[in-house]
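# Coordinate inspection notes
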Amino acid sequence: MPAGPFPRLRAAGDQGLLVEFGDSVDVAVSERVLAFDAALRARPFHGFTESTPSYAAVLVGYDPLEVTPSAVRAHVEALLAEPHPPLAAAALHELPVCYEQPFAPDLADVAQRCGMSEEAVIAAHLSGEYRVFMFGFAPGYGYLGGVPEAIRVPRKPNPVRARPPGSLAIAGPMCLVTTVTAPTGWWVIGRSPARIVDVDRERQFLFEVGDRIRFRRIRRDEFDAFGSVP
Amino acid sequence: MTRAVFLVEHAGPLTTVQDRGRFGYLRYGVTEAGPMDRQAFAIAQAALGNPLNAAAIETTIGGVALRCIEGEVTVASAGGGFHCAVDGRPVGAWGVFSIREGSVLTVRPGYWGSWTYLAFAGDIVAPAWLGSRATNVLSDFGGLRLQAGQHLEIRDAERRPGRERDLVLPVTSRPRQEVRVVLGPQDRFFAPETIRRLLSETFTLSNEYDRMGVRLQGPKLPIVGTLDMPSEALPRGSVQVPGHGDPIVLMADHQTTGGYPKIAVLASADQDGFAQLRSRDRVTFRAVTASQAASSARTRAGALRQYLQALGVREQRSAVH
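Residues numbered from 1 in each chain as written. Chains lettered and ligands numbered in written order. Predicted model: local features only at pLDDT ≥ 70, side-chain atom pairs only at ≥ 80, totals over all residues. Heavy atoms only, no water.

By the naming in an unreviewed UniProt entry, chain B goes by Biotin-dependent carboxyltransferase family protein and is assigned to Neoroseomonas soli.

If you want it as structure tokens, here you go:
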């Protein structure tokens, strides 16, 4: 493991141990997060409940009736001391997205802020390859890093009224496709018909943390036809 | 098989179907949900001899009124100091009783407590998602929010006369005015003086209180320096401090990640008692180590086991998972 303060172990109550691998959002840190997450799940301890990876940390959950916090810490330290096997190659998913109105309420604003045409914003967004850094907030909310520099805009100071599921939203280096109706301070520049959470599908979440995402532009008629294709 | 059907005549806000919770999906952004007071929920289920994955109705101070329009079923009620009645006749607020076609079961708030449970000798019909019928309030996947005019069906409904009895209110089901916390994981964002105020001054529960969490009022807890932490996964019971400086205690429907520092996490043993506080109630915090908190969790589990043995009901695993 690298020198310095990381990895750093911090108690998160009596049911969680937070293992921090850095304090920034970057791919190298995320790789270490996912390697540890995989190692832990491959070799869990008695009383382990679940492992939750985020940008730069893993929350190790445990049942305090089954295992003591110090035993959890010892297990985690032992795992950290071992070399982790290389991760399997990340899966690549292509998500269709329609950038037409009324699906893109903030596209004009983003174009203006970036000094670009709307078409150039769309082209820039399509040029990116994105990485699923983590899920958070709501079911299936995948935080996708990799928004090109030219169209990075800070999030709005205040969340805007409820946006429908499927909204493609950007803020800073991140983008996400929403899965529930919720207010958001992110900039909505399109909508995807892809079902990231599908309660009727055996595999209920379309992608995993660490997967790669590309976007494919579709027209409105393709968007409308999407749901009818078996 | 027989069934019982209730017409929901009244349902206050936040009246939902809950089971133990939906575990194992935090990594996909899916919070556990489940009961706000896990011990009261477990007692209601155990008093009926229900299986571990049974669901119940959770309600809060808005209360609920259910008219039985078909069949009969034995019901267990537990949690907080609520008033429970059948056709206006009080039944034990903590107790097991039966209700038959034509009768109305009402739950109203009493002098204390925020959450109470109605468990049924049978199976509440509600959609399952990821193996659980706990209602995920944010997404509406799985579970059910009760609303006036709905029908609530209990499949395989039974009358279990041998189970009917009053339940003694366990002392461990009272609200807790002093709550144990484990400091961290991001206490480094706070000055020592701020930590001292967290642990020595009194906070009040605001009326911003729902299943996601409750905002506290009291001394402000300012964040030192620039906030440069990436969002991290957080457990239930986290005390998160956003820019306004008021701590927010995150509960059953907490978001799975947060980008604000968590100054402390409530000891799991005290989360039920904290949940039973009401808006305007006061609370103080005392720091313990993770080992001490885990030890208190084992003590609490032991006390519940004894309580259930004294009831003569089968021991049920009551803890988190």
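## Some remarks on the state of the cysteines
All names here are of chain A. Selection rule: Criterion for a disulfide: a pair of cysteine sulfur atoms within 2.5 Å. Three labels apply to residues, based on accessible area from a 1.4 Å probe with only protein chains included: buried if under 20% of the type maximum, exposed if over 50%, partly exposed otherwise in between.
Overall, the coordinates contain zero disulfides over all chains when judged by the stated rule. In this model Cys98 remains outside any disulfide bridge; the closest cysteine sulfur is found in Cys175, 16 Å from its own. With relative accessibility at 0%, the residue Cys98 sits in the buried group. In this model Cys175 remains outside any disulfide bridge; the closest cysteine sulfur is found in Cys114, 14 Å from its own. Exposure remark for Cys175: the relative accessible area of 0% places this residue in the buried category.

## Some points on the packing of aromatic side chains
This is how it is decided: Aromatic contacts are taken between Phe, Tyr and Trp rings whose centres are within 6.5 Å, Trp giving its six-membered ring; a plane angle under 30 degrees counts as stacked, one over 60 as edge-to-face, and the others as tilted. Helix and strand assignments follow DSSP, with helices taken as H or I runs no shorter than four residues and strands as E runs no shorter than two, numbered in order from the N terminus. Remark: a charge is flagged as sitting over a ring if the NZ atom of Lys or the CZ atom of Arg is within 6 Å of the ring centre and within 35 degrees of the ring normal.
Counted under the stated rule, the structure contains 18 aromatic pairs over all chains. Summarising the aromatic geometry, the rings of Tyr143 of chain A and Trp186 of chain A are spaced 5.7 Å apart at their centres and angled 70 degrees between planes, so their arrangement reads as edge-to-face. Of this pair, Tyr143 of chain A sits in strand β7 (residues 142-145) while Trp186 of chain A sits in the loop between β11 (182-184) and β12 (187-191), and the two are 43 residues apart along the sequence. For the pair shown, Tyr143 of chain A and Trp186 of chain A are each scored as buried. Through a chain of ring-to-ring contacts, the aromatic side chains of Phe135, Phe205 and Phe207 of chain A together with Tyr25, Tyr28, Trp129 and Phe141 of chain B assemble into a single cluster. Positioned above the aromatic ring of Trp187 of chain A, the side-chain terminus of Lys156 of chain A is 4.9 Å from the ring centre.

## Examining the packing of helix α1 (residues 27-42) of chain A against helix α2 (residues 69-81) of chain A
Residues and elements named next belong to chain A. Under the convention used in this document: To obtain an axis, a line is fitted to C-alpha atoms, over the contacting stretch when the element is a helix, and the angle between two such axes runs from 0 to 180 degrees between their N-to-C directions. In this scheme, roughly parallel covers angles under 35 degrees and roughly antiparallel covers those over 145, while 65 to 115 is roughly perpendicular and the rest are oblique. The hand of a helix crossing depends on one turn: near helix anticlockwise from the far one by less than a right angle means left-handed, and clockwise means right-handed. The contact rule is simple, with two residues in contact once any of their heavy atoms fall within 4.5 Å.
One way to put it is that α1 packs onto α2 with a least axis distance of 10 Å and a crossing angle of 120 degrees. With respect to α2, the axis of α1 lies oblique. Of the two elements, α1 crosses α2, and the hand of that crossing is right-handed. Contacts between α1 and α2 pair Phe36, Ala39 and Leu40 from the former with His75, Val76, Leu79 and Leu80 from the latter.

## Focus: the UniProt feature "domain: Carboxyltransferase" (unreviewed entry) in chain B
Definition in use: UniProt positions are given in the numbering used here, feature names are shortened, and annotations may be inferred rather than shown by experiment.
UniProt records the feature "domain: Carboxyltransferase" (unreviewed entry) at residues 27-303 of chain B, using the numbering of this structure. This span, residues 27-303 of chain B, is 14% helix and 34% strand, and a straight line between its end C-alpha atoms measures 33 Å.

## Quick look at unusual backbone geometry
The linkage connecting Gln101 of chain A with the following residue, Pro102 of chain A, adopts the cis geometry, with an omega of 5 degrees. A cis amide bond links Gly184 of chain B to the next residue, Pro185 of chain B, at an omega of 10 degrees. Summarising the element assignment, Pro185 of chain B is placed in the loop between β14 (178-183) and α2 (192-200). Even without being glycine, Ala33 of chain B reaches a positive phi, approximately 55 degrees.

## A word on the interface of chain B and chain A
Spelled out, the test is: The term buried area denotes the loss of accessible surface (1.4 Å probe radius) that occurs when two parts are joined, taken as the sum for both partners. Counted as salt bridges are all cases of a side-chain nitrogen of Lys or Arg within 4 Å of a carboxyl oxygen of Asp or Glu. Pairs of N or O atoms are called polar contacts if they sit within 3.5 Å, as long as, within protein, a hydrogen donor faces a hydrogen acceptor (for residues adjacent in sequence, only side-chain-to-side-chain pairs).
Each side of the interface is counted separately: chain B has 45 residues, and chain A has 46 residues. Taken together, both faces of the contact between chain B and chain A bury some 3,900 Å²; the carbon and sulfur share is 60%. Across the chain B-chain A interface, the total number found is three salt bridges. The salt bridge partner of Asp37 of chain A is Arg27 of chain B, with a shortest N-O separation of 2.7 Å. On inspection of chain B and its partner chain A, the count reaches twelve residue pairs in polar contact (both at pLDDT 80 or more). At the level of secondary structure, the elements contributing two or more residues to the side of chain B that touches chain A comprise β14, β17 (232-233) and α4 (290-311) of chain B.

## A look at the sheet that holds strand β11 (residues 123-124) of chain B
All names here are of chain B. Selection rule: Whether two strands pair depends on DSSP finding at least two bridges between them.
Ordered by their spatial adjacency, seven strands build an open sheet running β7-β6-β9-β4-β1-β12-β11, and the pairing between neighbours is antiparallel. Two strands bound the open sheet, and with one partner strand each, they are β7 (89-91) and β11. Examined bridge by bridge, β11 and strand β12 (residues 151-155) share two bridges and lie antiparallel to one another. By the bridge assignment for β12, Ile124 is matched with Ile154.

## Quick look at the domain arrangement of chain B
Quoted interface sizes are often the accessible area lost when the parts come together. Residue and element names in this part refer to chain B. Under the convention used in this document: An automatic or database domain assignment is the source of the domain bounds shown.
Structurally, chain B comprises domain 1 (3-172) and domain 2 (178-295). Interface area for domain 1 against domain 2, summed over the two sides, is near 1,800 Å², with a carbon-plus-sulfur share of 46%. One can count one salt bridge joining domain 1 with domain 2. Our enumeration of links across domain 1 and domain 2 arrives at 19 residue pairs in polar contact (both at pLDDT 80 or more).

## Quick look at the pairing of strand β10 (residues 174-177) of chain A
All names here are of chain A. Burial along β10 is two-sided: the residues Met174 and Leu176 and Cys175 and Val177 are all buried. By the bridge criterion, two bridges tie β7 to β10 in an arrangement that is antiparallel. Bridge assignment links Gly145 to a residue of β10, and that residue is Met174. With four bridges connecting them, strand β9 (residues 167-171) and β10 associate as antiparallel partners. Note that in β10 the partner of Ala171 across the bridge is Met174. Where β9 folds back onto β10 in an antiparallel hairpin, the turn is made up of two residues, including Gly172, whose phi is positive at roughly 55 degrees.

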